[in-house]
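A look at the structure
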Amino acid sequence: MMLLFVTLAVLAVLYYKVRIGRYTKGIEIMHTSQWGLGGTWVVANEVVRKEAVTMFAYFAKAIKHHGYRPFQWSAICGKHFLVLNHPDDIKCISKDPNSCFIKGPIAYEILKIYFGDGIIMANGESWKSQRHIMSHMFSRRLLRERMSTVFGTHAQDLVNVFRKAAQSGMVFNVQVPFYCYTFDCINMVAFNCEVNALGGVQSDVEFQHAFDVLQNRITDRFVTPLWQFFAKFQLTESERQISKTTGIVNEHIHKILDSYYNEAGEISDALEGDQTITGLYLEAAKLEGITYSRKFLRDLVFNTLAAGRDTTASALTSCIQYLCDHPEWQDKLGAEAKEVFNGNTQEALTFDDVEGRSPIAEAIFLESLRLNPAAPFNERYCVKEVTFPSGAKAYPGDAVQWYPIVTNRLKEFWGEDAEEWDPSRWLDGKAKNYDEFMYTAFHSGPHMCIGKPLAMLEGKIALLTLFAHFRFTKKEGFKTRVVNSMTYTNDANGMQVYIRECDQMTN
């Protein structure tokens, strides 16, 4: 038995060395002597340490350790990961003219209970088909005629929530209402479903909580060896929470889907002319002769909720975080809000109110996402051998990772003040200096986030509406703490502030 164990150990080492030898000379390896036991166990070990709470914080630390050069790390199971940061390498992955990359099987296996076969995890023809149909959902016409009205109306609801907090004089966590705001908005524009999370309706609060718990616990699987075993037999609290919250989330989604079916269990003809995202999607699919199962539609709804809620809510929370540190920009934003509202802050802002008239709000939103991207890391799997512009190589079966939270801060491209929050870098024509492969908060190339126009409009309307009424001061001594999650999200303490109403404008 001992001889067998030694033989297997020697073969494993030789295999590891052979694999490593295939990589271009000069590509560094994350050595176990520096970073722990290796692979998933390293990440699991580092994640629980206070100085690197999240996976992306851990890898940001590793990337800096390697001088921002490409490097490789290997999991105990033998899977190899290549970490890249240079915009030219990211461009190679994003454009992928030779179809070298897919969203890989490991991530799919972990996330299928979450995203299913929706666009976020889809590959090949399925992704192309979904992308093609969804491209019609975010036209300027729909943003102007429908979506902006929803955003403006719910932003006024947000004002009511913040006003109560201001009048109480108590410290207030702004992260919670931001997630409620975006949840209300995406349910209305996507499904014509009024959930009133901002109003604290119990069933919707329960769903939001379940949605958050599921998102956080799913992420645990990335750093948990043998998670499939734990899931099958429900051996951990994390897996038991996943099972419980999946049921709550799916129940909510199927209630939404019920409105799209007739008594015969078929897609209703009444959807014709439906201007919601889902209605438009189903109508377009019908015109192209495509029929979807209820399971696929569940995945469509879930992907829409996840993408439509988290990006803007995360960004708005980050905006308040940085604006508290830079109060001069609060006044600049307030002055812009005064001009945009033109004296009537009770009216809901529209597309025409803010489009081309809110450069400061847009700069603040973009800069906050630059430093705190809602999707802080990305991964693809190689299906063909590829050599990157940096000289790094990847082989079939290898995973390639890149981290917007690092790329968006590279001094080589953003200047010596790359780590500083400075919205002015987006003003006075400077934005043209930053291409989509340097600024990857919304991904890049053919995979550019299709909902970016929605997120930008929703975020600008919320910022302008709030700063027409309020100013914010961070609770003394408070520090944000990001949790290990699919998106850049603070823990339950969120962003703690004091709110005061301002009389800069005449209602």
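All values derive from a computational prediction rather than experimental measurement.

What follows is about the overall build of the protein. Each helix and strand counted, the protein has 20 helices and 11 strands in total. Every one of the 507 residues in the protein was classed for burial, and the buried ones make up 54%. Within the protein, counting contacts between residues at least 6 apart in sequence, those at least 24 apart form 74% of the total. Accessible surface for the protein amounts to roughly 22600 Å². Of this, 55% is attributable to carbon and sulfur atoms.

As a further point, take unusual backbone geometry. One non-glycine residue, Tyr68, lies in the positive phi region at around 65 degrees. Positionally, Tyr68 belongs in the loop between α4 (55–65) and β2 (71–74). Unlike most non-glycine residues, Gln234 shows phi in positive territory, near 50 degrees. Its location among the elements puts Gln234 in the loop between α11 (227–233) and α12 (237–258). On the basis of relative accessibility, which here comes to 26%, the residue Gln234 falls in the partly exposed class.

Inspection of the entire model under this criterion finds 27 aromatic pairs. Note on Phe211 and Phe302: the rings are 5.2 Å apart at their centroids and 25 degrees apart in plane angle, and the pair reads as stacked. Within this pair, whereas Phe211 is found in helix α10 (residues 202–220), its partner Phe302 is found in helix α14 (residues 294–325), the two being separated by 91 residues in sequence. We note that Phe211, like Phe302, is buried. Ring plane angle 5 degrees and centroid distance 5.7 Å describe the contact between Tyr322 and Trp421, whose orientation is recorded as stacked. One end of the pair, Tyr322, is in helix α14; the other, Trp421, is in the loop between α19 (411–414) and α20 (452–467), and 99 residues separate them in sequence. Trp421 sits in the buried class, given a relative accessible area of 6%. Through a chain of ring-to-ring contacts, three or more aromatic side chains come together here, namely Tyr114, Phe115, Phe183, Phe207, Phe211 and Phe302. Over the face of the ring belonging to Trp329 we find Lys332, whose NZ or CZ atom lies 3.9 Å from the ring centre.

Before going further, it helps to spend a moment on the sheet that holds strand β5 (residues 172–173). Spatially, the 3 strands line up as an open sheet ordered β5-β11-β10, and their pairing is antiparallel. Unpaired on one side and paired on the other, β5 and β10 (470–474) mark the two borders of the sheet. The sheet contact formed by β10 and strand β11 (residues 496–501) spans 5 bridges and is antiparallel. Across the sheet, residue Thr473 finds its bridge partner in β11, namely Tyr498.

Here β5 runs beside β11; their pairing, made up of 2 bridges, is antiparallel. Looking at the pairing, Phe172 lines up with Val497 of β11.

With that settled, consider α14. Helix length check: α14 (32 residues) gives 47 Å between terminal C-alpha atoms against 46 Å at 1.5 Å per residue, within 8%. With respect to burial, α14 is a largely interior element, 28 of its 32 residues being buried.

So, on to helix α8 (residues 140–168). Between its terminal C-alpha atoms α8 stretches 40 Å, which fits the 42 Å expected from 29 residues at 1.5 Å a residue. Along α8, the helix axis deviates most sharply at Met147, where the bend reaches about 45 degrees. The first or second residue beyond α8 is Gly169, which carries a positive phi of 75 degrees.

A cluster of nonpolar side chains, namely Leu226, Phe229, Phe233 and Leu235, defines an oily patch on the protein surface of about 440 Å² accessible area. For Leu235, a relative accessible area of 45% corresponds to the partly exposed category.

A separate point is a negative patch on the surface. Together, Asp88, Glu412, Asp435 and Glu436 make up a region of like negative charge exposed at the surface. Classification of Asp435 as partly exposed rests on a relative accessible area of 40%.

Per the stated rule, a full pass over the model turns up 22 salt bridges. In this structure, Glu109 and Lys112 form a salt bridge, with 3.4 Å as the shortest nitrogen-oxygen distance. Of the residues examined, Lys112 reaches a relative accessible area of 39% and is grouped as partly exposed. Among the salt bridges present, the one from Asp331 reaches Arg471, with a minimum N-O distance of 3.5 Å. A residue pair is termed long-range when its members are at least 10 positions apart, and Asp331 in helix α15 (residues 327–341) and Arg471 in strand β10 qualify at 140 residues. Look at the salt bridges and you will find they share partners, linking Asp117, Lys295, Arg298 and Asp299 into a network.

Membership of the largest hydrophobic core comes to 122 residues, with the highest contact counts inside it found for Phe151, Phe162, Tyr181, Phe442 and Phe472. A total of 15 residues in this core trace back to one element, the largest contributor, which is α14. Each residue touching Tyr181, except ones within four places of it in the same chain, is listed here: Phe151, His154, Ala155, Leu158, Leu198, Leu316, Glu458, Ile461 and Ala462. Ala62, Phe71, Ile405 and Val406 belong to the second-largest nonpolar core, a separate cluster that totals 17 residues.

The description of two packed helices rests on the angle between their axes and on the distance between the axes. The contact between α12 and α14 brings their axes to 10 Å, and the two run at 110 degrees. By the angle between their axes, α12 is roughly perpendicular relative to α14. Between α12, through Val249, Asn250, Ile253, His254, Ile256, Leu257 and Asp258, and α14, the contact on the second element is made entirely by Arg294, Leu297, Arg298, Val301, Phe302 and Leu305.

Moving on, we come to the packing of α14 against helix α17 (residues 359–371). Relative orientation of the contacting elements α14 and α17 amounts to 100 degrees, with a least axis distance of 8 Å. Relative to α17, the element α14 is oriented roughly perpendicular. Every residue of α17 that contacts α14 at Thr312, Ala315, Leu316, Ser318, Cys319, Tyr322 and Leu323 is listed here: Ile364, Phe365, Ser368, Leu369 and Leu371. Residues that form the contact of α14 with α17 fall into these classes: 9 nonpolar, 3 polar and no charged.

With respect to the helices and strands, Asp299 occurs in helix α14. The residues contacting Asp299, other than those within four sequence positions of it, are Phe115, Gly116, Asp117 and Gly118.

This brings us to the pairing of strand β6 (residues 378–382). The two faces of the sheet receive side chains in turn, since in a regular strand these alternate between them. Of all the 5 residues making up β6, 4 are buried; the element is thus mostly covered by neighbouring parts of the structure. Inspection of the sheet shows strand β4 (residues 101–102) paired to β6 by 2 bridges, in the antiparallel sense. Within β6, the residue paired with Ile102 across the bridge is Tyr381.

Parameters and conventions
- Residues numbered from 1 in each chain as written.
- Predicted model: local features only at pLDDT ≥ 70, side-chain atom pairs only at ≥ 80, totals over all residues.
- Heavy atoms only, no water.
- Helix = DSSP H or I, 4+ residues; strand = E, 2+ residues; numbered from the N terminus.
- Buried < 20%, exposed > 50% of the residue type's maximum accessible area, 1.4 Å probe, protein only.
- Contact = heavy atoms within 4.5 Å.
- Areas by Shrake-Rupley, 256 points an atom, 1.4 Å probe, with all protein chains shown as cover.
- Phe/Tyr/Trp six-rings, centres within 6.5 Å; stacked < 30°, edge-to-face > 60°.
- Lys NZ or Arg CZ within 6 Å of the ring centre and 35° of its normal.
- Pairing = 2+ DSSP bridges.
- Expected span 1.5 Å × (residues − 1).
- Bend = angle between axes of the 7 residues up to and from the residue.
- Patch = residues over 30% accessible without salt bridge, like charges linked within 9 Å, V, L, I, M, F, W, Y side chains within 5 Å.
- Salt bridge = Lys/Arg side-chain N within 4 Å of Asp/Glu carboxyl O.
- Lys, Arg positive; Asp, Glu negative; His and termini not counted.
- Charge placed at Lys NZ, Arg CZ, Asp CG, Glu CD.
- Core = buried A, V, L, I, M, F, W, Y, C linked by side-chain atoms within 4.5 Å.
- Axes fitted to C-alpha atoms, helices over the stretch in contact; angles between N-to-C directions.
- Parallel < 35°, antiparallel > 145°, perpendicular 65-115°, else oblique.
- Nonpolar A, V, L, I, M, F, W, Y, C, P; charged D, E, K, R; others polar.

By themselves, these are just geometric observations and shouldn't be taken as functional.
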